[in-house]
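Structural overview
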Amino acid sequence: MLFFIRLRGWAVVITKYEKKQAILFDFHLLSHEDDYNFAYQLEAALMEKGKILFVDDEEEALLLLKRVFFDDDNIEIFTAPGGEEGLRVLESADIDLVVTNLRMSKMSGNEFLKIVKDRYPEVLRMLLTGYSDISSAIKAINKGEVYRYLSKPWVDEDLKATIYNALEYINMKSIIKSQNKELKVLNTKLEDKVKERTAQLEKALNRVKDLAGTLKNNFNEIVSLLTDVVSLLQKNLGAHSRRVVELTELLCDEMALKNDEREKIIYSAFFHDIGLVGANEELFTRDIDQLDSDSREIYLQHPVIGEKILGSVKTLGRIAGIIRSHHEEYNGTGFPDGLRGKQISPGARIIKLTSDFDNLVYKKGKSKEEAIEIINNESAKLYDPAFAGAFVRILEKSTGGLHGSYSRVAVNNLKPGMHLEDDISLKNGLMFVPSGVTVTKKMIQKINKFSSMLQLDYEVGIRF
Ligand SMILES: [Fe+2]
């Protein structure tokens, strides 16, 4: 039998007890909350009396068995003269252990234990058997039907020791079961905690994503505002930049570039000619061969000036290299560094194409078809052949907007998707929307908002 005593933080567990005298014990310091929990459970389990049912059709044997435990306050003995009576006791009392004789006149011990196993699997089962039946008792143990056997006739001390061991086994099983239950509850709580923490992290991550999205939108708006300012200062430069951005977006999509790379190239398209801000308007309307030497020098320097302007802005520094190289040519004849082939960054190779196409149409007055033919002819000389092929495919497919047919409409009849060929100006002559942009819903809202300051019936050139 297992006993337990608590004393000033020490748990003393007596593992064997005989004649109210401890003969073997173990102890440990209750240093942890778990130790206390274990100790209280152990104490609770031990406070209950062990209930034993003896079943034997020999009345004298039952009396002898009862007498073995008569002075033990921790054990309550039940007896039954046969299997049927034993089952009735099990129905009414919460028995921990049944001990039955093997040979009985009506129901045999094996039959009785089989029923007990089916109906009360938690009840521990033992056989009491004579030496001649030991082999059948061992078989029953091996089949898992009984916990142990006791030989008949028995020695009282051996019988007591075996019964105490069995009760200790029951107690330990009960404690383990209860601790497993607690462990299961703890696991469920832990899972809930993990779920809760994961949800919190996801929420925080989404907030960071939203914030990043807001910052990005703000940045895009600033880029757009800067382009508006450039348009006001240098009308042709603003219009050229906006058209090049549109073409560059189409080409990036056609080439299925990754988001980061695409974004970098689009920003480069916005700012590729920033080095020309403040330059004479003739630089935007005349071909390089028609410029005087001073203007020609300025034109040749604009990629380097642009690189320096953007290189000083931390968030735009990553595109400065593209700005520097946007006039490099695939065969190495470009400026400022004479780079060739893959020495030129992909972004610069793309902007060289889109910017040249826009200059062919708007500076040199070529039709879309003529510009495509020139690009095809110059592919591998001025342009990356793979990029040029993709660009020509887009141009051949596109019909509306920037590449649509020309007509004129009143300002109050503008529709989203129309490409503006003329500026929209306020009544006092100040420019309101520069040419070269594609009309958007937002722009129409802006026109409606300032309608009193605009000549709404004034016609502007569009492509659609
Ligand atoms: Fe340029």
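Up top you'll find the structure we're talking about.
1. Examining the pairing of strand β4 (residues 50–55)
- The element β4 is largely enclosed, with a buried count of five among its six residues.
- Pairing of β4 with strand β5 (residues 75–80), which is carried by six bridges, proceeds in the parallel orientation. Bridge pairing in β5 links Val55 to Ala80.
- Here β4 pairs with strand β6 (residues 97–101) via four bridges, running parallel. If you follow Phe54 over to β6, its bridge partner there is Val99.

2. Some words on the sheet that holds β5
- Across the sheet, which stays open at both edges, the five strands sit in the order β5-β4-β6-β7-β8 with parallel pairing between neighbours. Edge positions in the sheet fall to β5 and β8 (148–152), since each has one partner strand and no second. On average, each strand axis in the sheet is inclined to that of its neighbour by 20°, with strand direction left out of account.
- Sitting on the sheet, helix α2 (residues 59–68) is in contact with β4, β5 and β6, with an inclination near 180° to β5.
- Strands in contact with helix α6 (residues 156–233) are β4, β6, β7 (124–130) and β8; relative to β8, the strand with the most contacts, it is inclined by about 165°.

3. Topic: the sheet that holds strand β9 (residues 406–410)
- Overall, antiparallel pairing links the three strands, which are arranged β9-β13-β10 in an open sheet. In the strand order of this sheet, the two ends are held by β9 and β10 (419–420), each with one partner.
- Across five bridges, the pairing between β9 and strand β13 (residues 459–463) is antiparallel. Within β13, the position partnered with Tyr406 by the bridge is Arg463.

4. Concerning helix α3 (residues 83–92)
- Listed as buried for α3 are Gly83, Gly86 and Leu90. Angularly, the buried residues of α3 cover 55° about the axis, an arc narrow enough to put them on a single face. Within α3, the exposed residues directed more than 90 degrees away from the buried face are Arg88, Glu91 and Ser92.
- Where α3 is buried, its residues contact β4, β5, β6 and α4 (109–119).

5. Examining the packing of helix α13 (residues 368–378) against helix α14 (residues 385–397)
- Put simply, α13 and α14 touch, their axes get as near as 10 Å, and they point 165° apart. For the element pair α13 / α14, the angle class is roughly antiparallel. Here α13 runs over α14; the crossing is left-handed. In this structure, α13 uses Lys368, Ile372, Ile375 and Asn376 to contact α14, whose residues at the interface are Ala388, Phe391, Val392, Leu395 and Glu396.
- Taken together, the residues of the contact of α13 with α14 break down into six nonpolar, one polar and two charged.

6. Re the packing of α3 against α4
- Running from N to C, α3 and α4 cross one another at 25°; their axes reach a closest spacing of 10 Å. Considering their axes alone, α3 and α4 lie roughly parallel with respect to each other. Seen along the crossing, α3 lies across α4 with a hand that is right-handed. Here α3 contributes Gly83, Gly86, Leu87 and Leu90 to the contact with α4, which in turn contributes Glu111, Phe112, Ile115 and Val116.
- Per-class residue counts for the contact of α3 with α4 are five nonpolar, two polar and one charged.

7. Overview of the environment of Leu232
- The residue Leu232 is located in helix α6 in this model.
- Among the residues examined, Leu232 registers 12 C-beta atoms within 10 Å and is labelled exposed.
- When the C-alpha positions of Leu232 and Pro434 are compared, they lie 7.7 Å apart, and in sequence the two are 202 residues distant.

Conventions we followed
Sequence order sets the numbering: in each chain, residues are counted from 1 along the sequence as written. With pLDDT at 70 or above as the cut-off, local features in this predicted model cover only qualifying residues; side-chain atom pairs require 80 or more to be listed or tallied, and sums for whole chains, interfaces and linings still use all residues. Whether a residue is buried, exposed or partly exposed is read from the other C-beta atoms within 10 Å of its own C-beta, which are placed from the backbone; 20 or more gives buried, 12 or fewer gives exposed, and intermediate counts give partly exposed. The way it works is that DSSP assigns letters per residue, a run of H or I at least four long becomes a helix, a run of E at least two long becomes a strand, and they are numbered from the N terminus. Two strands form a pair only when DSSP identifies at least two bridges running between them. Lines fitted to C-alpha atoms define the axes, with helix axes restricted to the stretch in contact, and inter-axis angles between N-to-C directions lie between 0 and 180 degrees. By the criterion used throughout, residues are in contact when their C-beta atoms, derived from the backbone, lie within 7 Å. Our arc is simply the arc of the directions from the helix axis toward the C-beta atoms. Angular relationships are summarised with four words: roughly parallel below 35 degrees, roughly antiparallel beyond 145, roughly perpendicular across 65 to 115, and oblique for the angles in between. Should the near helix be turned counterclockwise from the far one by less than a right angle, the crossing is left-handed, whereas a clockwise turn marks it as right-handed. For this classification, the nonpolar set comprises Ala, Val, Leu, Ile, Met, Phe, Trp, Tyr, Cys and Pro, the charged set comprises Asp, Glu, Lys and Arg, and every other residue, Gly included, is treated as polar.

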